[in-house]
Structures are given as C-alpha cells and as structure tokens.
Amino acid sequence: MSDKINLKIDNIAVSIKSGATILEAAKKVNIRIPTLCYHEDLCVAGNCRVCVVEQVGSDRLLPACAMPVNEGMEINTNSMKVRNARKQIVELLVSEHRADCTRCYKNGKCELQELSSEYIVGENGFIDLVAHKGYTIDNFSPSIIKDDSKCIRCQRCVRTCDQLQSISALTVAHKGEHMKVSSFFDKPMFEVVCTNCGQCVNRCPTGALTEKTYLDEVWSALNSDTKHTVVQTAPAVRIALGEALGMPPGEIVTGKMVSALRRLGFNSVLDTDFTADLTIIEEGNELLQRLKKVVKEKDDSVKLPLTTSCSPGWVKFIEHAFPELLPNVSTAKSPQQMFGALVKTFYAKKIEVKPENIVSVSIMPCTAKKYEADRPEMRSSGFKDVDYVLTTRELALMIKQAGIDFASLPDDEYDSIMGESSGAAVIFGATGGVMEAALRTAYEVVTGREVPFDGLNILPVRGMENIRAVSIKIENVLPEWDFLEGVELKTCVAHGLSNAKQVMEAVRDGKADYHFIEIMACPGGCLGGGGQPIPTSPAIRKKRSEAIYNEDELKPIRKSHENPEVIHLYEEFLKEPLGEVSHQLLHTHYTERNRY
Amino acid sequence: MAEVKQLVKGLADQHGRTMESLLPILQGIVHQEQHISEDAMVEVARELNISAAQVYGTATFYSFLHTKPLGKYVIRVCKTITCMMHGKNQVIKELESVLKINLGETTHDGKFTLLETNCLGQCHKGPAMLINDEPYTELTPEKVREIIMKYKHQEISAN
C-alpha cells in the first residue's frame, strides 16, 4: 500500500503523505486557505472555521486545518458556498469584536482585519454585540495588555501558554456566549503565574494581547534638551528587525539599525552585547567558583547545577514553579540589567553626565524585559537602571514614524566604551548560545587552551532540539584548577518553558547530574522572543538562527574574555570578576512567588 | 485554609491525581463546602500539578460547580424555552419580590440564592425549579410564594 494520498484541490492534482491535512495539501500547490485559530507552532484547534472548504459530493463544509486528506478527495476552496460561509464566519467574529481598527495598536497587522478586508465585511452583517458584552481591558502589567473586547476566542494564546510554556496562565473559562479567555479568577495578568514571555502576544491574531508600549515616553526623552538618551540593543534584535521593515527573515541589519537609532536622536548608541560578554565573565567565574567549592572543598551549601539567569521569563517561571531551586540560579543579572547599572554609574562618569539626566532605553526581542526593568531590585545605580524597554516591533514602528527608509540606510558603528562585543555575545540570541559562549571562556580559563571544537563552533549545543545534553571532558588543566582534571563537565540546554520544566523536574528529583544548564523561556531562544516581529514559525526561527551564527563568524573577536572594552572595564572600574563592585551592580537575588 | 488543604488532599487520595480526577474532586468540594473557593482551587491545582487557571476554567464551565459563596438554600429556576413559555419569567419576578433580591444574588441573611439553570428535564411540568436537591414543578407565582414561606418558617422555628 502506498503511503501517498492522491487528491484534487480546485482541480489541481496533489499527492501528499497520509495523515496530512487539506490545508497542508493546498499549501503544497500554492493555494492559500485563510486561517485564524491555526498556527504552525500549535496543535490544531479547529474552532474558528474560517478555513472551511467544500468536498465534492458532500453537503458539509470541512475545516481544512483539521481534516486529513483521503484518496480521491475532490476539494473546492473557492466555491460560492465556501466564500459565503467564510464571509459569514468573519462577520460573526467581527460582531463580537471591538473593531476600533484605526485606534488599535495592531492596525495593519491584524489577521482578522486582513480577512475582513479580503471578504469586504460591510457594516450591517450582524448586530454589533460589543456594547452588550461588558468586556474589560487589563493593562496593569508592565509587559502585556489583555483587551477582551478584541478577543475572537481562537485560543492560540491558551494553547501557546499550555503547550509551549507549560504555564497555562490563560485558560478558557465559562461557557456558551459567556465563554472567555481568562486567567485564574480573571485576575490581572500581573498577579498570576504569567511569566510575561509574550509568546501569546506573538501568536494573537488580533489586538487582544499586545505588549505595553513606551513609545511616547521614549519620544519625549528624545525630544528633551536636558536628557542624555542612551540606547542598548539586544543580540537578537539585529537579525529580526528587518522583518518588521519589509525585509526577508534572516537578514543581518546591525549597521542599519545603529544608523537608524542615531537618526532617531539617541545620544549614545551602545550594545547589550557588551554586557553579554560581561555576563559570561561573571557567570563563568561563578560556575568555576561553585565547581571549586563543590568538587574541591566539598561545600554542601553551594548548589549545582548552576542555571543561567539572562531570560527574565525563565527567572519568573522558576520563582513561581520551583522556588526550592532558586539557589541554583546564577546571581548574575541579565545583560540588559548589567548594562543599565553600568550606564548610570561607570558610563555616566565617563561622559560627564549626571545619572539623573540619563534616560536609559533598551531594545529587546522580549516583553518580559519590560517587567524585569521594573523589578524593585533593578535600581543598583540609585536610579531605575533601565528606564524604558522597547520591543523589536516598537523600534520598527519608531523607524516608520520617523519616516526613515530603513533599507537605504548606510551601515554605522556603535559608540565606544560600551559598544564593543565578541561573537560569543551575539550568539546569546540563540538557544545554546550562552552555553557556547560560557564554554569558550571557561574552558580556556581552566586549561589555557581554546575549546577543542573546530573554529570555536561548539556544534552539539546548537540547533532547535528541545533539550540538548552535552558533556565536555576537561583535560590537561592549569595547576590552579587541578581538581578539575579529568572531570566531565555536564551541560544541558533547553528552550521553551515546557522543556525547562522537564529539565528542572529531573534536577529537583535528583535524576540529573548536570553542572551547568542554559534555559531560555522562548522557543529558539531570544530570536524567537515575544517581542520579535510577527509572524513566527519554525522556518523563520531557523533563518534568524543562521543569521546569528553568521554574525558570530564575522566577528574578529569570538571570545568574551578577549573583548578589549570588557578588559578595560575590569581594569578601570570593576577590578575583578565577582568583586565588590560587581556584587553591588551586576548581581541580584530572587523572590519566591505564588505557585499558582 | 488548613481545612481546605485537608479536604482537597483527602479527595485527591480518594479520586486520584490525574486530569480525570479533577471533576470528581471539584464535585466533592461542592458537596462539602457548597462552593469552590480560590484557596480550594489552588490546592486542587497543587495536588494535580496543573495550573490554577485550568481548575478555574473547568469549575466555571459547569452550572453546578460554584465559584462564589451561595446561600443556605440555592434556588435554580429552569431557563429553557419550554419553562419560559409556561411562565418562568413571572415565577422569577415573584421570587425576586418575595426574597427582595435580583436574579444571581443572595439574601443578606445568607439564606437564599436565586439562580437560573439549564434544562432540569421537567419540560412536561414546567415551569420547574430546584431548591438545593428538591425539585418543584408546575409553578405559578402563588405556588412559589407558598414554597418560599415554608422555607422561611422552617428557618424561624429552627432558631
């Protein structure tokens, strides 16, 4: 029996593997069937019915996203019946949707709006029910706004939170006409287990879930005569920003982005990659110190494995879900917050500007970073270390607002003092990147030699596999590190919180003996972050990942500890890794949070 | 709080800790406490290792699983079409005036809660209502007044 199924879609013959859906078969012959609840990253829900198609010989319309293909099937995707049904479905959805499009943040980027325009949904389709629904808007969170009046209950967010992140902060509550996407007791997102990762924002087809924007605040700062504006850009922004400005995925736009930021009026254009290198020095030393205490001094009070702490979604997740494992989390702040603390101390002094006159802005692929910057601990400079966090999407919008033709911009360079970075910092934006960067440095500190991988490319920690465990044998160490001779350094990389949960459950139950674990809250790492351009899919994330590793290859410096500006920072200001100044500015502590 | 914890733990021991156990556990809580409090839901989530929102989602789906405290006597009037055609709206109006509350509310003394519910399966004898587990059928405004008075007298003599 052949496992290929033959069918006809709009009279075009298709042959596709058994088990495929009509939607997949149509895609194969370049027929686009509209969808709303369907998303490549998620399980099929089949609840919006926008993708209905007609099967010849059958009265019923079939949902293309959920219907597997059958031998000899004849499908019409564009019959009168299908078009009428789709139009009516869209009209029904719009009747319960506050179609306040001109004032909506998602205007022009809304999937429902796009469908409405395709099917010319007029004004008098159905009675507008919005006025009778008593919808509410939750804008208490510093990261995410949930506007129920825009929700079409496709449940992409619910599936994202459950399947990708294992959190289920959002669920479907009540039934029938009262059914809604709700948090626990409909509490504000701010109060529940939401990690602010923004993966739901990335997948919401309408404006029901969006990031909280700080564009007005940033524009005010840029137009102020008394403020000195400093901007930092995260590693994963430079490989995705282009997508939001009409370029294909995987384009590296670092130079253009720097140009654009100068044109917007930022006084200092600096790089989060600089503090990513710094994070590696601090976190790498923390790892080595913990290894020393555990392996050499047999100190029970020191916890291994050490886990990374750069992903604020991950940090909030562990605070809620595994508070007993908080001593395992590196005390090193994330690169964003290290940067913030240094800007209003070290950098302020250097450029002779009072810290109170500095407005520190960061461009992040992330919505959780907005929450992180708001944490009460993040004021070690005596001021709010990072004043405003913008997502990649918000920066793209600013560039559009300013009338800048992004594609034609010349390449520009970051300002100095905190603008230099290594390839190791760039790969922070991809899952496995922090691990690779840390290994490049830690291995060399211990052995005096480069990591034994061709071209410093530690391929086993790369890729998109959910959980990757990699061991590296440490041999011929420097005398100072003799206790590590022959030790097999066991590491693990996980991305997406459902994978993180699996790893941490194994650690909690004593079933894993890793030394070092890298966890990123978002699928693919920061490159797939909740603040990145929409849409996201496995193919797009792969392109972004390739771009990141290309950027790494292109860098003259590939190892964090060789970044000259970082070396200079230690000589002049910090003195030594994990030293007194570091502890004051670059390290933090965590808080146990409600489990549910 | 400690009591709720004990109750939920007992129910989980009895019904198991899988997703299928969720409904019997919630029913068990309603049986004991009449409604499922926030604390109880958090405990259920902890026992079953699921999110509290998921427990809330399931609890709010079912008419007979309450998430708010109710009165001692819960009056559920059938809201479906047959009962409506037999005069359920007049019945509710009378209940509201006798109890001095609106639909969905509980009397100040905590004795009566007035709710609507889906079909009670008494379409041939509508309008129908339940007071706790006791069904009442072929209701008229006069009949409803008598029934409520009976409960009120019962309460007075109990004190």
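Residues numbered from 1 in each chain as written. Chains lettered and ligands numbered in written order. Predicted model: local features only at pLDDT ≥ 70, side-chain atom pairs only at ≥ 80, totals over all residues. Heavy atoms only, no water.

## Quick notes on the domain arrangement of chain A
Residues and elements named next belong to chain A. Split by domain assignment, chain A resolves into domain 1 (4-78), domain 2 (92-211) and domain 3 (215-274 + 336-408). One C-alpha centre belongs to domain 1, the other to domain 2; they are set 26 Å apart. Between domain 1 and domain 2, roughly 1200 Å² of surface is buried when both sides are summed, and carbon and sulfur atoms account for 57% of that area. Taken together, domain 1 and domain 2 are joined by two salt bridges. D41 serves as the salt-bridge partner of R203, at 2.7 Å between the closest nitrogen and oxygen. Remark: the boundary between domain 1 and domain 2 carries eight residue pairs in polar contact (both at pLDDT 80 or more). Across the side of domain 1 that touches domain 2, the residue classes tally to nine nonpolar, three polar and two charged. (Domains from an automatic or database assignment. Buried area = accessible area lost by both parts, 1.4 Å probe. Salt bridge = Lys/Arg side-chain N within 4 Å of Asp/Glu carboxyl O. Polar contact = N/O pair within 3.5 Å; in protein donor to acceptor, adjacent residues only side chain to side chain. Nonpolar A, V, L, I, M, F, W, Y, C, P; charged D, E, K, R; others polar.)

## Structural notes on the packing of aromatic side chains
The description of an aromatic ring pair uses the distance of the two centres, along with the angle that the planes make with each other. Within the structure shown, the criterion is met by twelve aromatic pairs over all chains. Centre to centre, the rings of A:F184 and B:Y56 are 6.3 Å apart; their planes meet at 85°, and the pair counts as edge-to-face. With A:F184 in the loop between β9 (180-182) and α6 (199-203) and B:Y56 in helix α4 (residues 52-61), this residue pair bridges two chains. Each residue in the set B:Y73, B:F112, B:Y136 and B:Y151 is aromatic and connected to the rest through ring pairs, giving one cluster. A cation over an aromatic ring shows up here: A:K316 above the ring of A:Y371, its NZ or CZ 5.3 Å from the ring centre. Looking at B:R76, its charged tip hangs above the ring of B:F64, at a distance of 4.1 Å from the centre. (Phe/Tyr/Trp six-rings, centres within 6.5 Å; stacked < 30°, edge-to-face > 60°. Helix = DSSP H or I, 4+ residues; strand = E, 2+ residues; numbered from the N terminus. Lys NZ or Arg CZ within 6 Å of the ring centre and 35° of its normal.)

## Structural notes on the environment of A:T77
Residues and elements named next belong to chain A. Secondary-structure assignment places T77 in the loop between β5 (74-76) and α2 (80-95). Owing to a relative accessible area of 5%, T77 belongs among the buried residues under this scheme. For the pair T77 and I517, spaced 440 residues apart in sequence, the C-alpha separation works out to 48 Å. Among residues more than four places away in sequence, those in contact with T77 are I9, D10, I31, I33, V53, V82 and R86. (Buried < 20%, exposed > 50% of the residue type's maximum accessible area, 1.4 Å probe, protein only. Contact = heavy atoms within 4.5 Å.)

## Quick look at the sheet that holds strand β18 (residues 516-520) of chain A
Judged by pairing direction, the sheet is mixed, and its four strands sit side by side in the order β13-β18-β17-β16 (chain A) without closing on themselves. Each having just a single partner strand, β13 (306-307) and β16 (467-473) of chain A make up the two edges of the open sheet. (Pairing = 2+ DSSP bridges.)

## Notes on the pairing of strand β11 (residues 228-233) of chain A
Residue and element names in this part refer to chain A. With six of its six residues buried, β11 lies for the most part within the structure. Side chains of β11 alternate between two faces, with H228, V230 and Q232 and T229, V231 and T233 buried alike. Bridge analysis of β11 against strand β14 (residues 358-364) gives six bridges, and the strand direction is parallel. Of the residues in β14, the one forming a bridge with V231 is V361. Relative to strand β12 (residues 268-271), β11 runs parallel, the two being bridged by four bridges. Residue pairing for β12: V231 is matched across the bridge by V269. In terms of handedness, the path from β11 via helix α8 (residues 254-264) over to β12 forms a crossover that is right-handed. (Right-handed = clockwise from strand over helix to strand, strands pointing away.)

## What about the pairing of strand β2 (residues 12-17) of chain A?
All names here are of chain A. In terms of strand pairing, strand β1 (residues 4-9) meets β2 through six bridges, oriented antiparallel. Paired with K8 across the bridge in β2 is A13. Two successive antiparallel strands, β1 and β2, enclose a turn made up of two residues, where D10 displays a positive phi of approximately 50°.

## With respect to the sheet that holds strand β3 (residues 129-131) of chain B
All names here are of chain B. Strand order in the open sheet formed by four strands is β2-β1-β3-β4, with mixed pairing between adjacent strands. With one partner strand each, in any of the chains shown, β2 (112-117) and β4 (134-136) form the two edges of the open sheet. Taken pair by pair, the neighbouring strands of this sheet meet at an average axis angle of 20°, ignoring direction. In this sheet, β3 lies alongside strand β1 (residues 73-78) in antiparallel orientation, the contact comprising three bridges. From the neighbouring strand, V77 faces β3, where its bridge partner is M129. (Axes fitted to C-alpha atoms, helices over the stretch in contact; angles between N-to-C directions.)

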